[in-house]
Amino acid sequence: NAGVTQTPKFRVLKTGQSMTLLCAQDMNHEYMYWYRQDPGMGLRLIHYSVGEGTTAKGEVPDGYNVSRLKKQNFLLGLESAAPSQTSVYFCASSYSRGGYEQYFGPGTRLTVT
Amino acid sequence: DQQVKQNSPSLSVQEGRISILNCDYTNSMFDYFLWYKKYPAEGPTFLISISSIKDKNEDGRFTVFLNKSAKHLSLHIVPSQPGDSAVYFCAASGWGSQGNLIFGKGTKLSVKP
C-alpha cells in the first residue's frame, strides 16, 4: 500500500516549457487535490476532483490544467511555465470532503528559470 | 483575506515542556478543524482533528481545543519531544469552503533537547 505517490520528485523548466505532474493513489479515494506551497504562504488549492472524469477550480487555478481520466490518477499540467510557478506541489486524496482527512504525497519541487 | 491564521511563524520549546500552537479563523461556517504536521522534504501528515460540536479532542500527547465563540483553536503537545520539531498547519473546512480544506501558513516548532 503506497498511499499517494507523485512523479517526478524534482524538475527544472525553462520559461514557456510545458510539463505534466502525475499523482497516483491506491486507497480507492474519490476525491483528489493539487496544492502548491510557497514560503510563508501555507498550502493553496489549485484544482480538485470529486470523482473520475470531474475537475473543479480551487483558490489559485490560473496557468494550470488538470485531468482525472482514471479514479486513481490526477494529472496537473503546466502549458507554458512561468517563474511564478516555481513552487512545491503536493497532491492529496481523501475518502470524502469536509471532515475527512486528506492524505498527501511527498511533493514535487518545480523550478522555472 | 486570510480565513485561517497562524500568527506565530515559529515556536521554540524545551524538551519535556508543553508546546501550544494557536490558530484563529474568521469564517463562522467552518465546522471541522484539522492539524497537520510536516517534516522537510515530505508531504504533510494528518495529526488530529476536531468537529465544531466538540470543544476538546485528545490523542496521546496531542490535544486540540476549540473555542467557537472566539473562533480560536489550539494544539497542545505534552510532553514535547525533539521528534516533534516540524511545521504544523492548521486547516478548516465547512460550508464556507465548499468542503475543501483552507490552510493556515504554518508554525515551525523547534523542540530543544
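Note that the structure is a prediction, hence the values are computed from the model and not measured.

## Some points on the confidence of the model for chain A
The predicted model of chain A has a mean per-residue pLDDT of 94, with 98% of residues at 70 or higher. Across chain A, element-level confidence peaks in strand β8 (residues 73-78) of chain A with a mean pLDDT of 98 and bottoms out in strand β5 (residues 42-49) of chain A with 95.

## Some points on the side chain of Lys38 of chain B
Relative to the elements of secondary structure, Lys38 of chain B occurs in strand β4 (residues 30-38). In this structure Lys38 of chain B is buried but unpaired, with Glu42 of chain B as the nearest side chain of opposite charge at 7.8 Å. Among the polar contacts listed, one links the side chain of Lys38 of chain B to the backbone oxygen of Glu42 of chain B, at a separation of 3.0 Å. Not counting residues up to four positions away in its chain, the partners in contact with Lys38 of chain B are Gln37 and Phe90 of chain A together with Gly43, Pro44, Ala86, Val87 and Phe89 of chain B.

## Observations concerning the nonpolar core
In terms of nonpolar packing, the biggest core is built from 23 residues, with Phe33, Trp35, Leu73, Leu75 and Tyr88 of chain B touching the most fellow members. Elements with a contribution of two residues or more to this core: β3 (19-25), β4, β5 (45-51), β7 (62-67), β8 (72-77), β9 (86-94) and β11 (107-112) of chain B. Counting residues in hydrophobic clusters, the runner-up holds 19 residues, among them Val4, Val60, Tyr89 and Leu110 of chain A.

## Focus: the state of the cysteines
Residues and elements named next belong to chain B. A full pass over the atoms with the stated rule returns two disulfides over all chains. Between the sulfur of Cys23 and that of Cys90 lies a disulfide, 2.0 Å long from S to S. Across the disulfide from Cys23 to Cys90, rotation about the S-S bond amounts to roughly -75°, and the bridge is consequently left-handed. Highlighted residues: Cys23 in strand β3 and Cys90 in strand β9, separated in sequence by 67 residues.

## Section: the pattern of salt bridges
On inspection of all chains with the given rule, the structure shows five salt bridges over all chains. Put simply, Arg44 of chain A and Asp38 of chain A hold a salt bridge, and the shortest N to O gap is 2.8 Å. Its relative accessible area of 18% is what places Arg44 of chain A among the buried residues. Here Asp84 of chain B and Arg61 of chain B are joined by a salt bridge, their closest N and O atoms 2.8 Å apart. Here the residue Asp84 of chain B occupies a position in the loop between β8 and β9, and Arg61 of chain B occupies one in the loop between β6 (56-59) and β7, the gap between them amounting to 23 residues. Look at Asp84 of chain B and you get buried, because its relative accessible area is 2%. What you see here is one network of salt bridges that share partners, running through Arg36, Asp38 and Arg44 of chain A.

## Quick word on unusual backbone geometry
Note the cis peptide between Thr7 of chain A and Pro8 of chain A, where omega equals -5°. Structurally, the position occupied by Pro8 of chain A is in the loop between β1 (4-7) and β2 (10-13). Pro79 of chain B follows Val78 of chain B through a cis peptide bond whose omega is -15°. Tracing the backbone shows Pro79 of chain B in the loop between β8 and β9. Phi is positive for Asn28 of chain A, close to 60°, though the residue is something other than glycine.

## Considerations on the environment of Pro82 of chain B
All names here are of chain B. Within the secondary structure layout, Pro82 lies in the loop between β8 and β9. Using a relative accessible area of 34% as the deciding quantity, one classes Pro82 as partly exposed. Considering only alpha carbons, one finds Pro82 and Gly94, 12 residues apart in sequence, at a separation of 34 Å. Ignoring anything within four residues of it in the chain, the contact list for Pro82 reads Glu15, Val111 and Pro113.

## Some details on the sheet that holds β8 of chain A
Across a sheet, paired strands are connected by hydrogen bonds in the backbone, their directions being either parallel or antiparallel. All names here are of chain A. Pairing is antiparallel across the open sheet formed by four strands, whose spatial order is β1-β3-β8-β7. Since the sheet does not close on itself, it has two edges, and those belong to β1 and β7 (64-67), each with one partner. Ignoring which end each strand starts from, the neighbouring axes of this sheet average 20° apart. In this structure, β7 lies alongside β8, joined through four bridges in antiparallel fashion. Residue pairing in the sheet places Tyr64 in a bridge with Leu78 of β8.

Reading guide: rules and limits
- Residues numbered from 1 in each chain as written.
- Chains lettered and ligands numbered in written order.
- Predicted model: local features only at pLDDT ≥ 70, side-chain atom pairs only at ≥ 80, totals over all residues.
- Heavy atoms only, no water.
- pLDDT = per-residue confidence, 0-100.
- Helix = DSSP H or I, 4+ residues; strand = E, 2+ residues; numbered from the N terminus.
- Buried < 20%, exposed > 50% of the residue type's maximum accessible area, 1.4 Å probe, protein only.
- Lys, Arg positive; Asp, Glu negative; His and termini not counted.
- Salt bridge = Lys/Arg side-chain N within 4 Å of Asp/Glu carboxyl O.
- Polar contact = N/O pair within 3.5 Å; in protein donor to acceptor, adjacent residues only side chain to side chain.
- Contact = heavy atoms within 4.5 Å.
- Core = buried A, V, L, I, M, F, W, Y, C linked by side-chain atoms within 4.5 Å.
- Disulfide = S-S within 2.5 Å.
- Pairing = 2+ DSSP bridges.
- Axes fitted to C-alpha atoms, helices over the stretch in contact; angles between N-to-C directions.

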